[in-house]
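# Residue-level structure breakdown
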Amino acid sequence: MRIAAQRRCVSPVLPPRRGLCGRQARGAAAVRKITENAKKSLASLKRGNPQLEPTLAIIQAHDDHSIQEVNKNFAKEVGLRVIHICLPEDSSKDEIVNEILRLNEDPNVQGLALDLPESLYSSKVLNAVKPEKDVDGLSTVSLGRLVCGDGYDCLVPPIACAVMELLEDLGGKTVLLVGAGGAVGAALQCMLQREGAVTVSCQWEAPQLQSKLHHMDVVVLGSAKPDDVSVSWIKPGTTVISCSRDLLSGKHNYGQQNSHAAENVVGCLAIAMRMQNMVKNTERWIQSQQYRKWNLRCLKLQPLSPVPRITPTPLGEGKSTVTVGLVQALTAHLNINSFACLRQPSQGPTFGVKGGAAGGGYAQVIPMEEVRQQVPVPLEEFNLHLTGDIHAITAANNLLAAAIDARVLHENTQSDKALYNRLVPVVNGMRAFSAIQFARLKRLGINKTDPGTLTEEEISKFVRLDIDPSTITCQRVVDTNDRFLRKITVGQANTEKGFVRQAQFDIAVASEIMAILALTTSLQDMKERLGKMVVANDKKGKPLTAEDLGVTGALTVLMKDAIKPTLMQTLEGTPVFVHAGPFANIAHGNSSVLADKIALKLVGEKGFVVTEAGFGADIGMEKFFNIKCRASGLVPSVVVLVATVRALKMHGGGPNVTAGAPLKKEYTEENLQLVADGCCNLQKQIQITQLFGVPVVVALNVFKTDSPAEVDLVCKIAKQSGAFDAVPCTHWSTGGRGAVKLAQAVEKAANQKNSFKYLYSLELPIVEKIRIIAQKVYGAQDIELSPAAQSQVDRYTRQGFGNLPICMAKTHLSLSHQPERKGVPTGFILPISDVRASIGAGFIYPLVGTLLAQFRQPAKKVTLLKALEHHKSVAFSLFQSISMLLHFPDEHHARTAYKAMLL
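Just so you know, these numbers come straight off a predicted model, no measurement behind them.

### Looking at the overall build of the chain
Each helix and strand in the chain was counted, giving 33 helices and 26 strands. Across the chain, every contact between residues at least 6 apart in sequence was considered, and the portion connecting residues at least 24 apart equals 76%. Split by element, the accessible area of the chain, about 36100 Å² in all, is 52% carbon and sulfur.

Below, the structure written as structure tokens:
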């Protein structure tokens, strides 16, 4: 007998007296059935996922275009998208692997297949394909699952499937696999044996090959038949099938040319099965994107009573503890996927008096190596260095500040020609503009690419920024409370040639770069934001940016690792992202957009991400919605508003609270009238959340001094005021178990109708946006801008920055601008003393009132107003913040002092 020709995939070789028509017809019917089933399955998947466009990438290392047409035709019939990556025939294995690795990381490619010559297949190449994208089932992982009988989790090689489809009644038959090695050979052996066949495997060079061929019922050829092997060695009536990998590349191997019908049926069968595998892969990919409960082994707490005094905070209300306690309750006690996203504490306050921002008691974030202790640990280990994000911000900020002063010095002391030689030096006899310089030329309206063609006037425009030193806004930063750097003079060395100016150090987390880190969505987005930072004006009043200085790339390099959130855990082993830490006065004071987005992907559709916002609803939540939500595109499901009985007593007219001093009896004894009077502030906070259309749950932190009647009264008033629910919480002393009812309330609230909306349109004028916040959120009658503030508003509008959101820099101690006014002040005029801008971060920040005066009082006169926080966590941070601000000489420094409070 003779072996029939084959092309592309697999070809049955049938002896003349067995007939070809029956097997051919069965194969054609199988092709139609497989294609139709795959089409229906994919259509069903697309109905549930309208945006789905599953893509199969096929790496091809040959010039046969017919195989591309066959793949595309089948893919079109099924509803798949196919892209061919055509590499040269002489491509090396390393080049193939590099292309595989690129496609592995392409999120738009759900499946990957190889059409390569036999010589390029190797374990190195096959195992480079991610198992979850391996539609040909050739990787070691896929093969291992098949051999182990885990068929659901693996895809079988289409060639092997095609061979098995063409064979029937294998029970008791002997099958010889000749030259069928590797993954396909192993898959075939496994599948044949499961069908009851006796399999024998050998190579073409094996001794006694002729005898083996003569005694077999079925012969499967895994590679081309050598010329010295005669077809007469195969006994008449034997079924012979070829499954050489070279068939997928569209190459003829051997044999006669009169069985095209058979070869077309088998070729189509294998490709149809490849498309079927792709549909299965798409279904698994969809499932992988859906919610799955984590197989997380949470840690069991053994709370001590009394709770060890593990936080230096003598007074606090519990923003961070609620965040931590809530995720502990969700994951460790209710088995719901959840992630906490917290801001990174500043090292300066840590070594001052604060030492927290990581929760407290049995609801806190801990270093991984401390988890074995099963008891609360000192928080300093959380704060120190972490991954060095704040250090990176310090380095980038100070590089930018140095570049500004250096540019002023050089422009003051050098000619245009000398500056041009510095900026566009001659290298190997030639000058060339960099990409960032081309961008500057374009902004200047100079459409030239040859540095030698610029006129003297154009050179002068290019090299001179003409920075007005009095308008420089980028200050140097240090992450330490070093009061002696709060006002400095730079340029006193002889080398600075008389360029002396007054400057200052801010704390590192007050840098605009920190605000950018918290709002960025990608490395490219961060680079663009860094370039947009306005650092000064020129002498004509035009804004100058980091891009104009040519340092954007350098800043990005310094920040490229800081963009990654830090993974930590709570005392009960639930996951926490710690990332960014923008101040909540001059910035939006929220944890990072990137941490939120990564956490959302990890928890799945039914999971929860509890992300921290600074201050109360009037500042922290308002900025969260109007600034962070605009930047991220994310819509919150629930607001958790944190309150305590003693904080409400202050709003009801209780005596001043001084951090470090014993509490007055009003705060340690039951006083229902004082609580009821103070709940007006809580009602106002709830009303503010309702402006944005998001349901609110009140978390009431219970202290041992709170009476049951006081707790019940607060919860009753909160619910009567429009809160979805109000729940007492004891997570500080009992861990997640004390916040289970809060977690259940949050889960129910998340299922309510959400009619989220922004407070204002960005298209409104700057002054009107400020007025809306003042009137609708703070309860002011109107606003009043100082001449300096109005001048800045006019300047920013002229410069094209009028459409940015507003970030109010206002005291956190009152709904008004006056910290001593408790409860719900009304009828006041909100004074705007100045207006500044963080263009890279993307917001305008007005300074409300004499912000400095609020903090320069003696410490004993400073009261705590918005104390919606948890036991021994944040009020001490207020004390620390106030302590710092007592020494600040001006309003600019006042912005650097605060980092605390959820809502």
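Having seen the model, we can carry on.
### Considerations on the pattern of salt bridges
For the coordinates displayed, the defined rule picks out 24 salt bridges. Of the charged contacts, one joins Arg-771 and Glu-768 as a salt bridge, the two residues approaching to 3.1 Å between their closest N and O atoms. With Arg-771 and Glu-768 both in helix H29 (residues 766-778) and three residues apart, the pair spans about one turn of that helix. The partner of Asp-782 in a salt bridge is Arg-771, and the shortest N-O contact between them spans 2.8 Å. Placement of the pair is Asp-782 in strand S24 (residues 782-785) and Arg-771 in helix H29, with a sequence separation of 11 residues. For Arg-771, a relative accessible area of 22% translates into the label partly exposed. Via salt bridges that share partners, Asp-115, Asp-136 and Arg-274 belong to a single interconnected network.

### What about the sheet that holds strand S25 (residues 829-838)?
Strand pairs in the sheet, formed through backbone hydrogen bonds, run parallel or antiparallel to each other. Within the open sheet, the three strands sit side by side as S24-S25-S26. Their pairing is mixed. Each end of this open sheet is capped by a strand with a single partner; those strands are S24 and strand S26 (843-848). Between one strand and the next, the sheet's axes are offset by a mean angle of 50°, whatever the strand orientation. Its contacts with the sheet place helix H30 (residues 787-798) against S24, S25 and S26, and it is angled at close to 40° to S25.

### Remarks on the packing of helix H18 (residues 523-532) against helix H20 (residues 552-559)
Viewed as axis vectors pointing N to C, H18 and H20 meet at an angle of 135°, and their least axial separation amounts to 9 Å. Here H20 runs oblique to H18, going by the angle between their axes. When the axes of H18 and H20 are compared, the crossing they make is right-handed. Contacts between H18 and H20 involve Leu-523, Met-526, Lys-527, Leu-530 and Gly-531 from the former and Thr-552, Leu-555, Thr-556 and Met-559 from the latter. Taken together, the residues of the contact of H18 with H20 break down into five nonpolar, three polar and one charged.

### Some points on the environment of Ile-271
Note on placement: Ile-271 falls in helix H9 (residues 260-289). By relative accessible area, which is 2% here, Ile-271 ends up buried. Put simply, Ile-271 and Asn-71 are 200 residues apart on the chain and 6.8 Å apart in space, counted from C-alpha to C-alpha.

### Brief notes about the pairing of strand S21 (residues 639-644)
Where burial is concerned, most of S21 is hidden: six out of the six residues are buried. Where S21 and strand S22 (residues 696-701) come together, six bridges link them in parallel fashion. Bridge pairing links Leu-641 to Val-698 in S22.

### Structural notes on the sheet that holds strand S23 (residues 725-729)
As summarised here, the arrangement of the three strands in space is S21-S22-S23, forming an open sheet in which the pairing is parallel. The outermost strands of the open sheet, each flanked by one partner alone, are S21 and S23. Sheet twist, expressed as the mean angle between neighbouring strand axes with direction ignored, is 25°.

### Things to note about unusual backbone geometry
Comment: phi is negative for the bulk of residues other than glycine, and the bulk of peptide bonds are trans. Of note in the backbone geometry, Asn-335 takes a positive phi value of approximately 60° without being a glycine. Mapped onto the elements, Asn-335 comes out in the loop between helix H10 (319-333) and strand S9 (338-342). The phi angle at Lys-497 is positive, at roughly 55°, despite the residue not being glycine. Position of Lys-497 among the secondary structure elements: in the loop between strand S13 (488-490) and strand S14 (501-503). Taking the relative accessible area as the measure of exposure, Lys-497 reaches 62% and is therefore exposed.

### Quick notes on a negative patch on the surface
Among the surface-exposed residues, Asp-63, Glu-89, Asp-90 and Glu-95 lie close enough to one another that they form a single negatively charged patch. Residue Asp-90 is classed as exposed on the basis of its relative accessible area of 68%.

### Some remarks on the side chain of Asp-405
Checked against the element boundaries, Asp-405 lands in helix H13 (residues 389-413). Among the residues examined, Asp-405 registers a relative accessible area of 9% and is labelled buried. In contact with Asp-405, not counting residues within four places along its chain, are Ile-472, Arg-476, Val-490, Phe-499 and Arg-501.

### Section: the environment of Val-551
Its place among the elements puts Val-551 in the loop between helix H19 (546-549) and H20. Here the alpha-carbon distance between Val-551 and Gly-531, two residues 20 residues apart in the chain, equals 7.9 Å. Setting aside residues no more than four positions away along its own chain, Val-551 makes contact with Leu-400, Ala-403, Ile-436 and Ala-546.

### Concerning the side chain of Lys-628
Along the chain, the position of Lys-628 falls in helix H22 (residues 617-632). Separated by 3.3 Å, the side chains of Lys-628 and Thr-611 make a polar contact. For Lys-628, the residues in contact, after removing those within four places along its chain, are Leu-519, His-588, Asn-590, Ser-591, Ser-592, Val-593, Asp-596, Thr-611 and Lys-623.

### Examining the nonpolar core
Within the largest apolar cluster, 75 residues are counted, with the highest numbers of intra-cluster contacts made by Ile-59, Ile-96, Ile-100, Leu-114, Leu-116, Leu-188 and Met-275. In terms of residue count, the dominant contributor to this core is H9 (nine residues). Membership of the second largest hydrophobic core comes to 59 residues, among which are Val-534, Met-621, Ile-717 and Ile-806.

### Structural notes on helix H6 (residues 158-166)
Counted residue by residue, H6 has eight buried out of nine residues, so it is predominantly covered. Among the residues of H6, Pro-158, Ile-159, Ala-160, Cys-161, Ala-162, Val-163, Met-164 and Leu-166 are the ones counted as buried.

### Focus on the packing of aromatic side chains
Tallying each qualifying case throughout the model produces nine aromatic pairs. Ring centres of Phe-433 and Phe-438 lie 5.6 Å apart, and the angle between their planes is 70°; on these two criteria the pair is classed as edge-to-face. Classification of Phe-438 by relative accessible area gives partly exposed; the value is 33%. Note on Phe-624 and Phe-625: the rings are 5.7 Å apart at their centroids and 75° apart in plane angle, and the pair reads as edge-to-face. Accessibility expressed as a relative area gives 12% for Phe-624, which makes it buried.

### Remarks on H29
Taking 1.5 Å as the rise per residue, H29 with 13 residues should run 18 Å; its terminal C-alpha atoms sit 17 Å apart, in good agreement. For H29, the complete set of buried residues consists of Ile-766, Val-767, Lys-769, Ile-770, Ile-772, Ile-773, Ala-774, Val-777 and Tyr-778. Contact partners of the buried residues in H29: H22, helix H25 (672-690), S24, H30, S25 and S26. Phi for Gly-779, located one or two positions after H29, is positive at around 85°.

### What about the pairing of S22?
Among the six residues of S22, six are classified as buried, and the element is accordingly described as predominantly covered. Where burial is concerned, the two faces of S22 agree: the one with Val-696, Val-698 and Leu-700 and the one with Val-697, Ala-699 and Asn-701 are both buried. Sheet topology places S22 next to S23; five bridges connect them, and they run parallel. Bridging across to S23, Asn-701 finds its partner in Cys-729.

### Looking at the confidence of the model for the chain
Per-residue confidence for the chain averages 82 on the pLDDT scale, and 83% of its residues sit at or above 70. Confidence over residues 247-263 falls short of pLDDT 50; this stretch has 62 contacts with residues more than four positions distant or in other chains. Low confidence marks residues 368-381, where pLDDT is under 50. Its contacts with residues over four positions away, or in another chain, come to 31 contacts.

So, how was this worked out
Residues numbered from 1 in each chain as written. Predicted model: local features only at pLDDT ≥ 70, side-chain atom pairs only at ≥ 80, totals over all residues. Heavy atoms only, no water. Helix = DSSP H or I, 4+ residues; strand = E, 2+ residues; numbered from the N terminus. Contact = heavy atoms within 4.5 Å. Areas by Shrake-Rupley, 256 points an atom, 1.4 Å probe, with all protein chains shown as cover. Salt bridge = Lys/Arg side-chain N within 4 Å of Asp/Glu carboxyl O. Buried < 20%, exposed > 50% of the residue type's maximum accessible area, 1.4 Å probe, protein only. Pairing = 2+ DSSP bridges. Axes fitted to C-alpha atoms, helices over the stretch in contact; angles between N-to-C directions. Parallel < 35°, antiparallel > 145°, perpendicular 65-115°, else oblique. Left-handed = near helix turned anticlockwise from the far one by under 90°. Nonpolar A, V, L, I, M, F, W, Y, C, P; charged D, E, K, R; others polar. Patch = residues over 30% accessible without salt bridge, like charges linked within 9 Å, V, L, I, M, F, W, Y side chains within 5 Å. Lys, Arg positive; Asp, Glu negative; His and termini not counted. Charge placed at Lys NZ, Arg CZ, Asp CG, Glu CD. Polar contact = N/O pair within 3.5 Å; in protein donor to acceptor, adjacent residues only side chain to side chain. Core = buried A, V, L, I, M, F, W, Y, C linked by side-chain atoms within 4.5 Å. Phe/Tyr/Trp six-rings, centres within 6.5 Å; stacked < 30°, edge-to-face > 60°. Expected span 1.5 Å × (residues − 1). pLDDT = per-residue confidence, 0-100.

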